[in-house]
Amino acid sequence: MTTKSDKSRLLIIDDEANMRHMLSTVLKKTGYSVETAADGAEGLEMIQQSQFDFILCDIKMPKMDGMKFLELSRDRIGAATVIMMSAYGNIDTAIEAMKSGAYDYISKPFKTDEVYLTLKKAEERERLKTENRLLKERLKKIEGDYNFGKMVAKSKAMQAVFQLANRAAQYKTTVLILGDSGTGKELIARGIHYGGTRAGGPLIPVNCGGIPESLLESELFGYKKGAFTGADRDKKGLFQEAGGGTIFLDEIGELPLALQVKLLRVLQENEVRPLGDSKSLQIDVRVIAATSKKLEDEIKKGSFREDLYYRLNVMTVRLPSLCERIEDIPLLCQHFIGRFNETLGRDISGVAPDAMSRLLEYHWPGNVRQLENAIERAMVIADDSLLLPEHFAAELNSNNRHPRMETVFEGLSIKNAQKVIERKLIAQALEETGGNRTQAARLLEISHPSLLSKIKIYGIDL
């Protein structure tokens, strides 16, 4: 038997002196620190005085049996694992004990190896529980450090976005979110709304390109009864529905010119006029707009008003594409795997290294949304606990990929590749810190003397 390196404290509760002596002798030899009690009442006294890791408890005993001990000790044993010992005729009772909180049971008579193996199994369970708890705490910390609303990222580009969005959340300032399709513009808008002073109010999303032009004005501003055929009652517009909260105008670049004029007035005057009404209504609404179009180009083409652009562009949040922040891909993969494990009822642990390296090479034209869909599809078809390259066939068989490593480095020398990467990272750190070597060393996570040495070796100009 293997000797334990760390002594776990074990309490044996049994009315038979020979059984206590035998178990105590054997388990001490395997490395446990053992104490004994002659019945449940004595066992209760002992757990009040000391904390044990494991408790071996007989079921049939005088004064207080094992079931009564289990019932009375529930709030006192802490994290101790209880294993019941039962004679053959008490198996049903042992099962009832497990329903009441015992981890397992051993049938008498038993071999000492059975006891040891049951304890080892219990130890393994506790180890896994501890590792799982630590992993959850670590993931929670990572998401706490690297998230904004429901978005996760650790890249410097996205951390800057999160910082700016956090500031914007504290004010009523109009925000314009720019970024390609699939980069998470609506998630940023939701993060701004729910992370600020208007979180208690409604968030009303509007897809400006998804509502027919003939209906869009009445949807946004509302109408009075009789304003048009079929208007048989007054109807609030979405700006009024968003009172005290936020309206999110997605794909603002699709808004027709006629409505752009009216939206400009809403932003300037904080009021709307429902169709068919002669009076305007004051509103208290924060406006967040988003577009994947380049509005400067739309202005030149005459399809977007320049004055509206400047009214919207009070604070701009620009989202980088996923290929501009590939360091976020592993974190995003784990984030999506965690979510889909719950919704799909799977138990996927992660992405295999060879699959991850190829995901990092892919260009991701559909950005984060495409990655999310790829992970979900891979998890549906995967048979194993790891996502493999074949599970991402749609992406990895595409030509839309970054250059492979062999096109970046000559030959197959790891040492040469390391030098190229080191020189590039050092030059980048020095550029970002304005040549401040102390700050650059901190960014690179190396010592200042080591940085000076590498600057000299690589001949980097300051």
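## Concerning the overall build of the protein chain
Part 1 of the argument: Along the backbone of the protein chain there are 20 helices and 18 strands.
Part 2 of the argument: Here the protein chain holds 462 residues, and the buried ones make up 42% of them.
Part 3 of the argument: When contacts within the protein chain are restricted to residue pairs at least 6 apart in sequence, those whose partners lie at least 24 apart make up 69%.
Part 4 of the argument: For the protein chain, the accessible area works out to roughly 25,400 Å², and carbon and sulfur atoms hold 50% of it.

## Some remarks on the confidence of the model for the protein chain
Part 1 of the argument: Mean pLDDT over the protein chain stands at 85; residues scoring 70 or higher make up 90%.
Part 2 of the argument: Note that pLDDT drops below 50 for residues 1-5; the model gives that stretch 10 contacts with residues more than four away or on any other chain.

## Looking at a nonpolar patch on the surface
Part 1 of the argument: Residues Leu344, Val380 and Ile381 make up a contiguous nonpolar surface patch of about 250 Å² in total accessible area.
Part 2 of the argument: Inspection of the secondary structure puts Leu344 in helix 13 (residues 329-344).

## Remarks on the pattern of salt bridges
Part 1 of the argument: For the structure shown, the criterion picks out 19 salt bridges.
Part 2 of the argument: With its nearest N and O atoms 3.4 Å apart, the salt bridge here joins Lys120 to Glu123. Residue Lys120 and its partner Glu123 are located together in helix 5 (residues 112-145), separated by three residues, close to a single helical turn.
Part 3 of the argument: Judged by its relative accessible area of 14%, Glu123 is buried.
Part 4 of the argument: Among the ionic contacts, a cluster of salt bridges with common partners joins Asp14, Asp58 and Lys108.

## Focus: the nonpolar core
Soluble globular proteins: nonpolar side chains tend toward being buried together.
Part 1 of the argument: Formed by 30 residues in total, the largest nonpolar core has its most connected members in Phe239, Ile247, Leu249 and Ile252.
Part 2 of the argument: When residues of this core are traced back to their parent elements, those giving at least two are strand 8 (175-178), strand 9 (203-207), helix 8 (213-221), helix 9 (238-241), strand 12 (246-250), helix 10 (257-269), strand 15 (286-291) and helix 12 (306-312).
Part 3 of the argument: By residue number, the principal contributor to this core is helix 10, which donates five residues.
Part 4 of the argument: Contact partners of Ile247, with chain neighbours within four places excluded, come to Ile204, Val206, Leu238, Phe239, Ala242, Val285, Arg286, Val287 and Ile288.
Part 5 of the argument: Counting 26 residues, the second largest nonpolar core, distinct from the first, contains Phe336, Phe340, Val368 and Phe392.

## Quick notes on helix 19 (residues 437-444)
Because the α-helix completes a turn every 3.6 residues, residues three or four places apart line up on one side.
Part 1 of the argument: Two to three positions downstream of the cap, the backbone nitrogen of Thr438 sits 3.1 Å from a side-chain oxygen, assigning the N-cap of helix 19 to Asn436.
Part 2 of the argument: A positive phi of about 60° marks Glu445, the residue just after helix 19.

## Description of the packing of aromatic side chains
Part 1 of the argument: Overall, the coordinates contain five aromatic pairs when judged by the stated rule.
Part 2 of the argument: For the ring pair Tyr32 and Phe54, a centre distance of 6.3 Å and an interplane angle of 85° mean the geometry is edge-to-face. Of the two residues, Tyr32 sits in the loop between helix 1 (17-29) and strand 2 (33-37) while Phe54 sits in strand 3 (residues 54-58), which places them 22 residues apart along the sequence.
Part 3 of the argument: For Phe54, a relative accessible area of 4% gives the class buried.
Part 4 of the argument: Sitting over the face of the ring of Phe340, Arg339 holds its NZ or CZ atom 5.6 Å from the ring centroid.

## Things to note about the environment of Gln428
Part 1 of the argument: When you line up the elements, Gln428 lands in helix 18 (residues 414-432).
Part 2 of the argument: Spatially, the C-alpha atoms of Gln428 and Ala440 are 8.8 Å apart, while their sequence positions differ by 12 residues.

## Describing the environment of Leu344
Part 1 of the argument: The exposure class assigned to Leu344 is partly exposed, which follows from its relative accessible area of 33%.
Part 2 of the argument: In this structure, the C-alpha to C-alpha distance between Leu344 and Met379, residues 35 residues apart in sequence, is 8.4 Å.
Part 3 of the argument: Excluding residues within four positions of it along the chain, Leu344 makes contact with Glu376, Met379 and Val380.

Criteria and cut-off values
- Residues numbered from 1 in each chain as written.
- Predicted model: local features only at pLDDT ≥ 70, side-chain atom pairs only at ≥ 80, totals over all residues.
- Heavy atoms only, no water.
- Helix = DSSP H or I, 4+ residues; strand = E, 2+ residues; numbered from the N terminus.
- Buried < 20%, exposed > 50% of the residue type's maximum accessible area, 1.4 Å probe, protein only.
- Contact = heavy atoms within 4.5 Å.
- Areas by Shrake-Rupley, 256 points an atom, 1.4 Å probe, with all protein chains shown as cover.
- pLDDT = per-residue confidence, 0-100.
- Patch = residues over 30% accessible without salt bridge, like charges linked within 9 Å, V, L, I, M, F, W, Y side chains within 5 Å.
- Salt bridge = Lys/Arg side-chain N within 4 Å of Asp/Glu carboxyl O.
- Core = buried A, V, L, I, M, F, W, Y, C linked by side-chain atoms within 4.5 Å.
- Polar contact = N/O pair within 3.5 Å; in protein donor to acceptor, adjacent residues only side chain to side chain.
- Phe/Tyr/Trp six-rings, centres within 6.5 Å; stacked < 30°, edge-to-face > 60°.
- Lys NZ or Arg CZ within 6 Å of the ring centre and 35° of its normal.

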